[in-house]
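Coordinate analysis (summary)
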Amino acid sequence: MDPSRELPDLMRSLPIDRHRGLPIPAVTARHPDGQPDFSTVDGREALRLASEGRCGICGNPLDSQIAFLGGPGAVAARAYHDPPMHESCAEASTILCPHLSRRDMRRVTDRRSTGVLPRNSAEEKPDRWVMWICRGFAAYVIDGMPLFRPAPYLRLRTFTYTDGGHLHETPDTSPRP
Ligand SMILES: [Zn+2]
């Protein structure tokens, strides 16, 4: 697959990781040598972008509708570690991000990064990902880590793994708010 075909226009200005050929999200942490650490969100950058009303993936100003992406636990707790983003950027992440798009791809936590949160460090990889689409959020810092509380959702979009281990969107069966 040519990842550039799946790239929303908003993400086209992002730097491309030369090893993977993938755009580097705005909140992706960096190793001291400048290489991206795709396993880790830079918490300070996530908070900074969110406080400026910018997307955690592409860095551009958010729309009136904001998307969060996480597992069922995030939905139940209404709390996300990953920052707010455009719906189109969240959708692209379900296709481009190896950790999301492939069930069997394990995210390796890299200890060279400090002061940042390994994504989903508190839980095994979820069997589904839920996109929470809403119109606002609050940001907190808990134990030095950012935590985002989205406004009540307008829509939920659910993504599950096929038998082959690829993530795809399933029809929304969630109750309406
Ligand atoms: Zn974006």
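Residues numbered from 1 in each chain as written. Predicted model: local features only at pLDDT ≥ 70, side-chain atom pairs only at ≥ 80, totals over all residues. Heavy atoms only, no water.

In this section: the overall build of the protein. When its secondary structure is counted, the protein shows four helices and 11 strands. Scored against the burial criterion, the 177 residues of the protein give a buried share of 48%. Look at the contacts in the protein between residues 6 or more apart in sequence, and 58% of them connect residues 24 or more apart. Approximately 9,300 Å² of the protein is accessible, and the part contributed by carbon and sulfur atoms is 50%. (Helix = DSSP H or I, 4+ residues; strand = E, 2+ residues; numbered from the N terminus. Buried < 20%, exposed > 50% of the residue type's maximum accessible area, 1.4 Å probe, protein only. Contact = heavy atoms within 4.5 Å. Areas by Shrake-Rupley, 256 points an atom, 1.4 Å probe, with all protein chains shown as cover.)

Along helix α1 (residues 43-51), the residues that are buried comprise G43, A46, L49 and A50. Buried residues of α1, viewed axially, fall in a sector of 130 degrees; they line one side. In α1, the exposed positions angled more than 90 degrees off the buried face are occupied by R44 and S51. For α1, the elements touching its buried residues are β4 (36-41), β8 (137-142) and β9 (145-150). Residue D42 occupies the N-cap position of α1, its side-chain oxygen lying 3.1 Å from the main-chain nitrogen of R44. Just downstream of α1 lies G53, where phi reads positive at about 70 degrees. (Arc of directions from axis to C-beta. Polar contact = N/O pair within 3.5 Å; in protein donor to acceptor, adjacent residues only side chain to side chain.)

What follows deals with the pattern of salt bridges. For the structure on display, the rule yields nine salt bridges. Between D127 and R128 there is a salt bridge, and its shortest N-O distance comes to 3.7 Å. In this structure, E169 and R157 form a salt bridge, with 2.8 Å as the shortest nitrogen-oxygen distance. Taken together, the residues span a long stretch of sequence, with E169 in strand β11 (residues 167-170) and R157 in strand β10 (residues 155-161) at a distance of 12 residues. Each of the salt bridges in this network shares a partner with another, and the network as a whole consists of E87, E91, R155, R157 and E169. (Salt bridge = Lys/Arg side-chain N within 4 Å of Asp/Glu carboxyl O.)

The next point concerns helix α3 (residues 87-96). An α-helix turns once per 3.6 residues; consequently, residues spaced three or four apart project the same way. Counting buried residues in α3 gives seven out of 10 residues, a clear majority hidden from the surface. Those residues of α3 not exposed but buried are E87, C89, A90, A92, S93, T94 and L96. Of the surrounding secondary structure, the elements contacted by the buried residues of α3 are β2 (22-23), β5 (66-70), α4 (98-101), β7 (128-134), β10 and β11.

Turning to the side chain of H86, a few remarks are in order. Counting through the fold element by element, H86 comes out in the loop between α2 (72-77) and α3. H86 has contacts with L10, C55, C58, N60, P61, L62, D63 and A67, leaving out every residue within four places of it along the chain.

In this section: the coordination of the zinc ion. For a metal with four tetrahedral donors the ideal donor-metal-donor angle is 109.5 degrees, while six octahedral donors give ideal angles of 90 or 180 degrees. Protein coordination at the zinc ion comes from C55 (SG), C58 (SG), H86 (ND1) and C89 (SG), with a distance range of 2.1 to 2.4 Å. With four donor atoms in place around the zinc ion and angles of 97 to 119 degrees between them, the coordination shape is tetrahedral. Linear spacing of the donor residues for the zinc ion on their chain is C-x2-C-x27-H-x2-C. Placement of the pair is C58 in the loop between α1 and β5 and H86 in the loop between α2 and α3, with a sequence separation of 28 residues. The buried category is assigned to C58, whose relative accessible area is 7%. Relative accessible area serves as the criterion here: at 1%, H86 is assigned to the buried category. (Donors = N, O, S within 2.8 Å, 3.2 Å for Na, K, Ca; no water. Tetrahedral: all angles 85-135°; square planar, octahedral: opposite > 155°, others 65-115°.)

Before going further, it helps to spend a moment on the nonpolar core. Note on soluble globular proteins: their nonpolar side chains tend to be buried together. Ranked by internal contacts, the top residues of the largest apolar core, which has 38 residues, are M11, C55, I57, F68, M131 and W132. Sorting elements by how many residues they give to this core places β7 first, with six residues. Look past the residues within four positions of F68 in its chain and what remains in contact with it is Y80, D82, P83, P84, V130, M131, W132, C134, F137, F148 and P150. (Core = buried A, V, L, I, M, F, W, Y, C linked by side-chain atoms within 4.5 Å.)

Looking now at the sheet that holds β11. Read from one edge of the open sheet, four strands run β5-β7-β10-β11, paired in antiparallel fashion. Each of the sheet's edge strands pairs with one partner strand only, and the pair in question is β5 and β11. Neighbouring strand axes in the sheet, compared pairwise and without regard to direction, differ in orientation by 25 degrees on average. Where β7 meets β10, six bridges bridge the pair, whose relative direction is antiparallel. When the sheet's bridge partners are listed, V130 is paired in β10 with T158. Here α3 sits on the sheet in contact with β5, β7, β10 and β11, set at roughly 25 degrees to β5. (Pairing = 2+ DSSP bridges. Axes fitted to C-alpha atoms, helices over the stretch in contact; angles between N-to-C directions.)

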